[in-house]
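Structure assessment
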Amino acid sequence: MRLLRPATITDAVHHLNNDRDGSLLYAGGVEVALGLRSGALTCSSLIDTKRIAGSYGISAIGDEVRVGPATTHYMIASNPLIAAELPLLGEACGHLGTVRIRTQGTIGGNFAFAHPHTDPGTAAQLYSGFVDLISGSGPRSVSIEDFWTAPYTSACRRDEIIESIRLRPLGSGWIAVHERLETVHRPPTAIVCLAARIADEQMLECRIAVGAVPPHPLRLRSLEMSLAGAPVDDIDSVVAKAIPDVAQAVSAQSDLLGSADFKVAVLTGLIRRAADLAADRSRHATIEDRA
Amino acid sequence: MTTNDVTIQCTINGEAWHGAVAPTDLLLDLLRDRLHLTGTKRGCERMACGACTVLVDDMPMSACGMLAVDADCRNVATIEGLGGSQSLTCLQEAFVTNVGAQCGYCTPGQLMNATALLHACHQPTRQQITEWMRANLCRCGSYAGIIEAIESASRAAGPASGTPVSQTAARAGVRDDEPS
């Protein structure tokens, strides 16, 4: 096996095209090192993407925040621009796994691996934006909502490399909450990212992204519409009424983390809790504004 | 050395090292089998238990899940580089005093991860310690002693002069809202 360390995205694409079936991209190596070690993964060449120019770092570009795919979860969680513009992404990266995973794992690797239990992927759904991909046939951008298609499957083809991840901040007036249920050293059972604009005890607008329970992170558009305009006192009843729709949208599967019914119950419970927390924070913000 | 081996150079416990490694060699294999730094323990070998924790550029990493080639141009610290043969660090002393170990197998990893925590956050709260240290398992169940040892070492060291508690590090690794 050869190790290749391209310095440019063009070189990386060239290497990938020259050995399309036998090469493997890696950055942090969290999944790749273990896969190679166990024999679950094999390749004839290993392409290290960390040295590609622009693969690392966080910057504001226009009304978006660009995150280089080789940026570690730890760096995202501790970055001031992320804290200001994409706080939920920072929180999600700060909650992921353990500190050792966060210092080594990268957001590009997390996205490409397409684990259904992804915290950063769920947070990214909430913000919307694009994943920029590049191959020998040129660049293309895939919206975050279309990026994951099934467990461990993304829109990124074998001949493509993630060049950047661009996310759109929510702007002012939004309150964002990240909720999850996790048993130590197991993937999270359910992840909820919720953002809301609340005024005068009324939810004006709402975004809800869920992960871990569905086959891949997704937005609950129907529930978002039901909650928009609802008085905050009615949140519990609106969510309770939506449970059958949520269950259908997430297609929960029974596994070692729990039965499908249990997961839907946890997920909707977390949605209620996140919405209540957003309402509480809105009240505190109002009091602080008056003070 | 085979034709596919890669020559890397790095610093290991303060000393420069260079040599050839295969692309699939793990840092754990390099440290234990070639450099005989056996203080770094082989545990679960899937980045879950923390027994193999080392510091790479002061950050905790799983040597069992890191390719040796990725140590190129970086500073690696193992338990052998902590303190010295005749002296212990304040944290090591605190582990002894607070009985932060029973069988001791996980202790090198616990110490390395705790060292990284105290680098990032000089006076962590108990919740911050619990969150950070959940990366390391102790099958003997010495968690209370380990947490007390870290608190004790933190108190003994006091706040670093001119270096406030790192809010960014706290955001990155610590949850204040989670019960311990």
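All figures in this text were calculated on a predicted structure; none of them were measured in a lab.

Concerning the packing of helix α2 (residues 90-97) of chain B against helix α3 (residues 107-120) of chain B
Residues and elements named next belong to chain B. Running from N to C, α2 and α3 cross one another at 130 degrees; their axes reach a closest spacing of 10 Å. Classified by the angle their axes make, α2 and α3 are oblique. In the crossing of α2 with α3, the sense of the turn from one axis to the other is right-handed. Contacts between α2 and α3 involve Leu-91, Gln-92 and Phe-95 from the first element and Thr-107, Leu-111, Ala-114, Thr-115 and Leu-118 from the second. Of the residues in the contact of α2 with α3, the class split is five nonpolar, three polar and no charged.

Remarks on the sheet that holds strand β2 (residues 15-21) of chain B
All names here are of chain B. Judged by pairing direction, the sheet is mixed, and its five strands sit side by side in the order β2-β1-β5-β3-β4 without closing on themselves. Both outer strands of the open sheet, β2 and β4 (59-62), are each paired with one neighbouring strand and no more. Put simply, the sheet's adjacent strands are angled 40 degrees from each other on average, direction ignored. α3 rests against β3 (53-56) and β4 of the sheet, and its axis sits at about 35 degrees to β3.

Concerning the domain arrangement of chain B
Residues and elements named next belong to chain B. Split by domain assignment, chain B resolves into domain 1 (6-81) and domain 2 (90-173). The gap between the C-alpha centroids of domain 1 and domain 2 is 21 Å. Between domain 1 and domain 2, the contact holds 14 residues from the first and 13 residues from the second. At the level of secondary structure, the elements contributing two or more residues to the side of domain 1 that touches domain 2 comprise β3 and β4. Element by element, the count of residues in the side of domain 1 that touches domain 2 is highest for β3, at three residues.

Section: the pairing of β2 of chain B
Residues and elements named next belong to chain B. Sheet analysis places strand β1 (residues 6-12) next to β2, joined by seven bridges and oriented antiparallel. Residue pairing for β2: Val-6 is matched across the bridge by Val-21. Remark: two residues form the turn of the hairpin made by β1 and β2, two consecutive strands paired antiparallel; Asn-13 in that turn has positive phi of roughly 50 degrees.

A closer look at the sheet that holds strand β14 (residues 218-219) of chain A
Residue and element names in this part refer to chain A. Reading across the sheet, the four strands line up as β11-β12-β13-β14 and stay open at both edges, with antiparallel pairing between neighbours. A single partner strand is all that each edge strand has here, and the edge strands are β11 (175-181) and β14. Bridge count for strand β12 (residues 190-199) against strand β13 (residues 202-211) is nine bridges, and the pairing is antiparallel. Residue Val-192 lies in a different strand from β13, and its bridge partner there is Val-210. Sheet contacts for helix α8 (residues 119-127): β11, β12, β13 and β14; angle to β13, the most-contacted strand, approximately 145 degrees.

A few points about α3 of chain B
Its 14 residues give α3 of chain B an end-to-end C-alpha distance of 20 Å, which sits within 8% of 20 Å, the value for a rise of 1.5 Å per residue. By the criterion of burial, α3 of chain B is predominantly enclosed, with 13 of the 14 residues buried.

Side note on the packing of helix α5 (residues 87-95) of chain A against α8 of chain A
The packing of two helices is summarised by the inter-axis angle and the distance between the axes. Residue and element names in this part refer to chain A. The N-to-C vectors of α5 and α8 enclose an angle of 170 degrees; their axes lie 8 Å apart at closest approach. Classified by the interaxial angle, the pair formed by α5 and α8 is roughly antiparallel. Listed contacts from α8 to Leu-88, Leu-89, Ala-92, Cys-93 and His-95 of α5 are Asp-119, Pro-120, Thr-122, Ala-123, Ala-124, Leu-126 and Tyr-127. Class assignment for the residues of the contact of α5 with α8 results in nine nonpolar, two polar and one charged.

Conventions adopted
Residues numbered from 1 in each chain as written. Chains lettered and ligands numbered in written order. Predicted model: local features only at pLDDT ≥ 70, side-chain atom pairs only at ≥ 80, totals over all residues. Axes fitted to C-alpha atoms, helices over the stretch in contact; angles between N-to-C directions. Helix = DSSP H or I, 4+ residues; strand = E, 2+ residues; numbered from the N terminus. Parallel < 35°, antiparallel > 145°, perpendicular 65-115°, else oblique. Left-handed = near helix turned anticlockwise from the far one by under 90°. Contact = placed C-beta atoms within 7 Å. Nonpolar A, V, L, I, M, F, W, Y, C, P; charged D, E, K, R; others polar. Pairing = 2+ DSSP bridges. Domains from an automatic or database assignment. Expected span 1.5 Å × (residues − 1). Buried ≥ 20, exposed ≤ 12 C-beta atoms within 10 Å, placed from the backbone.

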